[in-house]
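# Summary of structural features
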Amino acid sequence: MTVPETTTATTAQGEASGGTSGAEALRPHAEDAFADELKALAAADDRPRPARWRLSPWAVATYLQGGTLPDGTVITPKYVGPRRLIEVAVTTLATDRALLLLGVPGTAKTWVSEHLAAAVSGDSTLLVQGTAGTPEEAVRYGWNYAQLLAHGPSRDALVPSPLMRAMSDGMTARVEELTRIPADVQDSLITILSEKTLPIPELGQEVQAVRGFNVIATANDRDRGVNELSSALRRRFNTVVLPLPATPDAEVDIVSRRVDQIGRSLDLPAAPEGLAEIRRVVTVFRELRDGVTTDGRTKLKSPSGTLSTAEAISVVTNGLALAAHFGDGILRPGDVAAGILGAVVRDPAADRVVWQEYLETVVRERDGWKDFYRACREVSV
């Protein structure tokens, strides 16, 4: 694969400073991992581009959803789902409204956020990771205290946040898990999003956002430790809800693609024979998530966990590693059984009952699932 000159320069810099080169990174940033696709799109893109965008809105949507360019370059899908959702998300970023990607855990909010930033700005690293301990400095700015004590408040002593850097450079900033950030810190975004300015009262100055600046935030309201967004903050966003995959085939496709990508980065063997096990994992997750079997004949109790697509990807990836290092390289029921048990049984008391009932009433009686039933029984004891 040909590495673009910009990526080569960045790699050389990283090696010189003791960093990790893009080729060696365990998980390259989107703009590095898909540099060839982004370069091909930019070369073929003759549509109008908003200020400081690397691609036109059409090309950004194509990068996310996949397609084939006139020169035959295949753009792989990054998000498998309704194209209209991606078009609305991209269009939002082309306006002065911030974008909020909302959905239950595991619906690819972070993945979509990263790839949108990579396609729009060529940099997905201007990131504020939301946690219960995220301070206001992570959203606004901090101080180099050595400089501050030696010379007092100055621009040299100021440490810009990713949001401040994005405002100055006309880039796309990301805020992950917005609802995990304490409410008072969340509200420090209001002035940034509404006035497009960040006051620095200590210096009597402000940073004004230049054209091209915008914010992508992700949030869910189904997890523990969630802080509700104030109505004032929520009004500053256009909200796009990312749903769970609509059909089993769509979910199998998503899991297969991501497992293949992760497997290549970990030097795990390809698993064409593992498609049956991937479909089985997806079937188990969907049935327990929906509370009914695929044929609609048997109602089921649902466990406390979300059983998301992301968790299914994790179960299959771990199963591939087991098959590669402790088996014959072929994904089998015994390789995924323990992972499924760990994903389903989060509450040892209530969820274990749900799982045992599912095993005995559904899995045990299903044609072609006897090996899977035995493997699950072994790890459930």
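It should be noted that the structure appears before, not after, this text.
Residues numbered from 1 in each chain as written. Predicted model: local features only at pLDDT ≥ 70, side-chain atom pairs only at ≥ 80, totals over all residues. Heavy atoms only, no water.

## What to know about the environment of I86
Mapping I86 onto the fold places it in helix α5 (residues 83–93). Separated by 276 residues in the primary sequence, I86 and V362 have C-alpha atoms spaced 37 Å apart. Sequence-distant contacts of I86, that is, excluding residues within four places in its chain, are made with A61, L64, Q65, Y79 and V112. (Helix = DSSP H or I, 4+ residues; strand = E, 2+ residues; numbered from the N terminus. Contact = heavy atoms within 4.5 Å.)

## Overview of the packing of helix α4 (residues 57–65) against α5
The interhelical angle for the contact between α4 and α5, taken along N-to-C directions, is 140°, at an axis separation of 10 Å. Comparing the axis directions of α4 and α5 gives the class oblique. Every pair of crossing elements has a handedness; the one defined by α4 and α5 is right-handed. Here P57, W58, V60, A61, T62, L64 and Q65 of α4 lie close against α5, whose contacting residues are R83, I86 and V90. Split into classes, the residues belonging to the contact of α4 with α5 amount to seven nonpolar, two polar and one charged. (Axes fitted to C-alpha atoms, helices over the stretch in contact; angles between N-to-C directions. Parallel < 35°, antiparallel > 145°, perpendicular 65-115°, else oblique. Left-handed = near helix turned anticlockwise from the far one by under 90°. Nonpolar A, V, L, I, M, F, W, Y, C, P; charged D, E, K, R; others polar.)

## A word on the pattern of salt bridges
Counted under the stated rule, the structure contains 20 salt bridges. A salt bridge links D249 to R279, with the shortest nitrogen-to-oxygen separation between them at 3.0 Å. A residue pair is termed long-range when its members are at least 10 positions apart, and D249 in helix α13 (residues 248–265) and R279 in helix α14 (residues 275–290) qualify at 30 residues. Accessibility expressed as a relative area gives 36% for R279, which makes it partly exposed. In this structure, D371 engages R374 in a salt bridge whose closest nitrogen and oxygen atoms are separated by 2.4 Å. A residue pair is termed a helical-turn pair when its members lie 3 or 4 positions apart in one helix, as D371 and R374 do in helix α18 (residues 370–380) at three residues. Owing to a relative accessible area of 46%, R374 belongs among the partly exposed residues under this scheme. Here the salt bridges do not stand alone but share partners, grouping R83, R84 and E87 into one network. (Salt bridge = Lys/Arg side-chain N within 4 Å of Asp/Glu carboxyl O. Buried < 20%, exposed > 50% of the residue type's maximum accessible area, 1.4 Å probe, protein only.)

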